[in-house]
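Architecture at a glance
So you can see what is in the structure, the chains are spelled out below.
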Amino acid sequence: FEGKLEGPIKDETTGDTVYSGDFSALTAPGKYKIEADGFGKSYNFAIGEDVHATLFYTTMRSYFLQRCGVEIHDGISKVHHPICHVNDGVMRQNEQETRDVTGGWHDAGDYGKYMSTAGVTVAQLLLLYESDPAKFAKFALNIPESGGALPDFLAEIKFELDWMLKMQDSDGGVFHKVNTMNFPGGVLPSDDTQTRYIYEKGTSDTAVFVGGAAVAARVFASVDAEYAGKLKEAA
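The structure reproduced in this document is the subject of the present report. (Residues numbered from 1 in each chain as written. Predicted model: local features only at pLDDT ≥ 70, side-chain atom pairs only at ≥ 80, totals over all residues. Heavy atoms only, no water.)

Another aspect to go through is the side chain of Asp74. As for its placement among the helices and strands, Asp74 is situated in the loop between strand S7 (72–73) and strand S8 (80–81). Of note is the side chain of Asp74, whose polar atom sits 2.7 Å from the side chain of Arg61. A polar contact of 2.5 Å, which involves the side chain of Asp74, links it to the side chain of Ser77. Excluding its chain neighbours within four sequence positions, the residues that come into contact with Asp74 are Arg61, Phe64, Leu65, Val79 and His80. (Helix = DSSP H or I, 4+ residues; strand = E, 2+ residues; numbered from the N terminus. Polar contact = N/O pair within 3.5 Å; in protein donor to acceptor, adjacent residues only side chain to side chain. Contact = heavy atoms within 4.5 Å.)

This structure, assessed with the given rule, holds 10 aromatic pairs. Seen in terms of ring centroids, Phe220 and Tyr227 are 5.4 Å apart; in terms of plane orientation they differ by 70 degrees. Their pairing is edge-to-face. On the basis of relative accessibility, which here comes to 0%, the residue Phe220 falls in the buried class. On the basis of relative accessibility, which here comes to 7%, the residue Tyr227 falls in the buried class. Taken together, the ring pairs in this structure connect Phe56, Tyr129, Phe136, Phe139 and Phe153 into an aromatic cluster. (Phe/Tyr/Trp six-rings, centres within 6.5 Å; stacked < 30°, edge-to-face > 60°. Buried < 20%, exposed > 50% of the residue type's maximum accessible area, 1.4 Å probe, protein only.)

Attention now moves to unusual backbone geometry. A cis amide bond links Gly7 with the next residue in sequence, Pro8, at an omega value of 0 degrees. Structurally, Pro8 can be placed in strand S1 (residues 6–10). Omega for the peptide link from Asp88 to Gly89 comes to -10 degrees, which places this bond in the cis form. Structurally, the position occupied by Gly89 is in the loop between S8 and strand S9 (90–91). Look at Lys78: it is not a glycine, yet its phi comes out positive at around 70 degrees. Tracing the backbone shows Lys78 in the loop between S7 and S8. Assessed through its relative accessible area of 59%, Lys78 is described here as exposed. Unusually for a residue other than glycine, Asn142 sits at a positive phi of about 55 degrees. Along the chain, the position of Asn142 falls in the loop between helix H3 (133–137) and helix H4 (152–166). Residue classification places Asn142 among the partly exposed residues on the basis of a relative accessible area of 42%.

Along any regular strand the residues' side chains alternate between the sheet's two faces. With three bridges joining them, S1 and strand S2 (residues 17–20) adopt antiparallel strand pairing. The partner of Glu6 across the bridge, within S2, is Ser20. (Pairing = 2+ DSSP bridges.)

Once the charged atoms of two side chains with opposite charge are near each other, the side chains can pair. Scanning the entire structure with this criterion turns up 12 salt bridges. Here Glu130 ties to Arg218 by a salt bridge, and the two come within 2.7 Å at their closest N and O atoms. On the criterion of sequence distance, the pair formed by Glu130 in helix H2 (residues 115–131) and Arg218 in helix H5 (residues 203–220) is long-range, its members being 88 residues apart. We classify Glu130 as partly exposed; its relative accessible area is 30%. Among the ionic pairs, Lys201 bridges to Asp169, the shortest N-O distance being 2.8 Å. Remark: Asp169 occurs in the loop between H4 and strand S11 (177–179) and Lys201 occurs in the loop between strand S12 (197–198) and H5; sequence separation between them is 32 residues. On the basis of relative accessible area, Lys201 is assigned to the partly exposed category, the value being 35%. (Salt bridge = Lys/Arg side-chain N within 4 Å of Asp/Glu carboxyl O.)

Here it is in structure tokens:
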């Protein structure tokens, strides 16, 4: 395949000088590289209908690897650690009171669990699912729930939703986060044994919970009507 590169164009974000090429007429799937006079050869890249499939698979499985309150023994990624954070959590305003807020996903940078990031992540993933339910429903993620009643994509999101539901108080308000007073540092989740506190309810946390639960209720209505009703009632 031959074509003409358009440019140079200065990318304002990176400051790089870039050229663009139109590969629309190239319809044969495969691995390719570009060779241009004065530039040499590019790295190999793929063209095809499924070029994002591996990225999607590994990204979605990263949520499974971030699960809290369970043992992870994953032969695919080789991530292993014993069960963690089974005592979540102690109420920050009254340390004599505890509440079962086990489960959910560890946050990206530490082992805390935050409603602000949980609600928006769940909502964005479910909006993605709604863009093409049949396509996303067929993806196998090789998680413990694989082969069950729910598509793997929704089963993984449900793991986080179950935790979110635990974070709602009886008055409808939603607690902000579950975390230690200090970050645990570079230890396995199972070795993070500091007291884990449940922090105060907040308007923004309640709002993001409502948004995430409402989107989830809409999506789950077609696959688990009972669970969808629970989510709708919570919202």
